[in-house]
Amino acid sequence: MTVTHGRPRAADITDILVAHCGLDADAAARAPAASLEELGMDSLALLELQAVVADRWQVQIPEQAAQLSIPAVADLVARQAVPPDDPVPPIQRAATEPPTGPDRAGEQGPGHTENGIVIAAPLSLVWDVTNDVANWPQLFTEYAAAEILRRTGDTVLFRLTMVPDENGISWSWVSERTADPVTRTVRAHRVETGPFEFMRLRWYYTCEPEGTRLTWVQDFAMKPDAPIDTPAMVERINANSRVQLAVIKERIERMAASDTPGGTDE
């Protein structure tokens, strides 16, 4: 194992892709905003990238990273990389820490996740784009369809359908979402809970010098007969949230650039 300290740069990820995955460096330089998939990186290339990143930075990147550009992958890894003064890598720490919950050997406690990202765009743009539920299939990479069932003021009832998974199954459920434009917060919950006892979500939007911080908080509990337990769902939600936030960041920043004098619509 060769752990590398420090935050990886886009150039580091590019070097890995060129050396281990067959990336054409010139093609990548010509299209810096292109996703790995658009650059011709297939599933085998992604597996090799995952292996090298795990070896160097002790970070696990999910399969959805194929939808990200090289700079976004570097940012994703950097936000999880081993701090220089941390003697225990995150992967090793996760494997050695004792489980949590009311009864470690028995009933699991509820799940909780919190993930955020700073988007270099005005809060008004981030708010408008991310709360346009009907257009979520164009904003997220995981949704195939978003059907608005009812609107009542700032509350919307809608059905989401995911892109088919590796088994060809398209998961679908109904959620309700209420946006508060005064406090710049959103509260949502699943109406059709599926494998969850409950799923509650909160979105927070705050201004920072670099732009707008978007934070997702999810609290949930799994049903006893769910096909996945709470710790595994926490891990899955965290991994997917990081990827989707990175995708949203890239797409909104591109919109912001196109609206800026001298910007482009690339």
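None of these values were measured; they are calculated from a predicted model. (Residues numbered from 1 in each chain as written. Predicted model: local features only at pLDDT ≥ 70, side-chain atom pairs only at ≥ 80, totals over all residues. Heavy atoms only, no water.)

For this particular structure, what's the right way to read the side chain of T130?
You can see T130 is positioned in helix 6 (residues 123–130). Accessibility expressed as a relative area gives 1% for T130, which makes it buried. At 2.6 Å, the side chain of T130 and the backbone oxygen of V126 are in polar contact. Look past the residues within four positions of T130 in its chain and what remains in contact with it is W136, L139, R177, W203, Y205, L214, I248 and I252. (Helix = DSSP H or I, 4+ residues; strand = E, 2+ residues; numbered from the N terminus. Buried < 20%, exposed > 50% of the residue type's maximum accessible area, 1.4 Å probe, protein only. Polar contact = N/O pair within 3.5 Å; in protein donor to acceptor, adjacent residues only side chain to side chain. Contact = heavy atoms within 4.5 Å.)

Explanation requested: the nonpolar core in the structure shown.
Most often, soluble globular proteins keep nonpolar side chains buried together rather than apart. Ranked by internal contacts, the top residues of the largest apolar core, which has 30 residues, are I13, L17, L36, L49, V53, L68 and I70. Secondary structure elements with two or more residues in this core: helix 1 (10–21), helix 3 (43–57), helix 4 (70–78) and helix 8 (230–258). In this structure V53 touches I13, Q58, V59, I61 and V77, once residues within four positions along its chain are discounted. One finds I119, W127, L139 and A146 within the second-largest nonpolar core, a separate group that totals 28 residues. (Core = buried A, V, L, I, M, F, W, Y, C linked by side-chain atoms within 4.5 Å.)

Explain the sheet that holds strand 2 (residues 143–152) here, please?
Strands belonging to one sheet form pairs held by backbone hydrogen bonds; the direction of such a pair is parallel or antiparallel. The strand order 1-7-6-5-4-3-2 describes an open sheet built from seven strands, whose pairing is antiparallel. In the strand order of this sheet, the two ends are held by strand 1 (111–119) and strand 2, each with one partner. Across the sheet, the mean angle from the axis of one strand to that of its neighbour is 20°, orientation sign disregarded. For strand 1 and strand 7 (residues 211–222), the ladder comprises nine bridges, and the chain directions are antiparallel. Bridge pairing in strand 7 links G116 to T215. (Pairing = 2+ DSSP bridges. Axes fitted to C-alpha atoms, helices over the stretch in contact; angles between N-to-C directions.)

What's the story with the packing of aromatic side chains in this structure? I'm lost.
Each pair of aromatic rings is reported with the distance of its centres and the angle of its planes. Using the criterion set out here, one finds nine aromatic pairs in the structure. Judged by centre distance (4.8 Å) and plane angle (65°), the ring pair of W127 and Y205 falls under edge-to-face. On the criterion of sequence distance, the pair formed by W127 in helix 6 and Y205 in strand 6 (residues 196–208) is long-range, its members being 78 residues apart. Ring plane angle 55° and centroid distance 5.1 Å describe the contact between W136 and F140, whose orientation is recorded as tilted. A residue is classified by how much of its surface remains accessible, and W136, at 4% relative accessible area, is buried. In textbook terms, an aromatic cluster arises when at least three aromatic residues are bridged by ring pairs, as seen for W136, F140, Y143, F158, W203 and W216. Looking at R190, its charged tip hangs above the ring of W173, at a distance of 3.8 Å from the centre. Against the face of F198 rests R200, its NZ or CZ located 4.2 Å from the ring centre. (Phe/Tyr/Trp six-rings, centres within 6.5 Å; stacked < 30°, edge-to-face > 60°. Lys NZ or Arg CZ within 6 Å of the ring centre and 35° of its normal.)

Would you mind showing me how to read the packing of helix 1 against helix 3 here?
When two helices pack together, their arrangement is given by the angle between the helix axes and by the axis-to-axis distance. Relative orientation of the contacting elements helix 1 and helix 3 amounts to 125°, with a least axis distance of 10 Å. Judged by the angle between their axes, helix 1 and helix 3 are oblique. Considering the relative orientation of helix 1 and helix 3, their crossing is right-handed. Judged by residue contacts, D12, I13, I16, L17, H20 and C21 of helix 1 engage A45, E48, L49, V52, V53, R56 and W57 from helix 3. (Parallel < 35°, antiparallel > 145°, perpendicular 65-115°, else oblique. Left-handed = near helix turned anticlockwise from the far one by under 90°.)

Explain the environment of I16 to me, please; I cannot follow it from the model alone.
With respect to the helices, strands and loops of the structure, I16 is situated in helix 1. Residues I16 and V53 lie 37 residues apart in sequence; the distance between their C-alpha atoms is 8.6 Å. Apart from the residues lying within four places of it in its own chain, the contact partners of I16 are C21, L49, V52, R56 and W57.

Help me out: how do you make sense of the pattern of salt bridges in this one?
Pairs may arise between side chains of opposite charge once their charged atoms sit close together. Counted under the stated rule, the structure contains six salt bridges. Between R150 and E176 there is a salt bridge, with its nearest N and O atoms 3.8 Å apart. One end of the pair, R150, is in strand 2; the other, E176, is in strand 4 (residues 172–180), with 26 residues separating them in the sequence. Exposure remark for E176: the relative accessible area of 23% places this residue in the partly exposed category. Residue E192 is joined to R159 by a salt bridge in which the shortest nitrogen-to-oxygen separation is 2.9 Å. With E192 in the loop between strand 5 (185–190) and strand 6 and R159 in strand 3 (residues 155–162), this residue pair connects regions lying 33 residues apart in the sequence. (Salt bridge = Lys/Arg side-chain N within 4 Å of Asp/Glu carboxyl O.)

How do you make sense of the side chain of N131 when you look at a structure like this?
Turning to its location among the elements, N131 is positioned in the loop between helix 6 and helix 7 (136–139). On the basis of relative accessibility, which here comes to 17%, the residue N131 falls in the buried class. Within the structure, N131 has its side chain in polar contact with the backbone oxygen of W127 (distance 2.9 Å).

These values are about where atoms sit, not about what they do.
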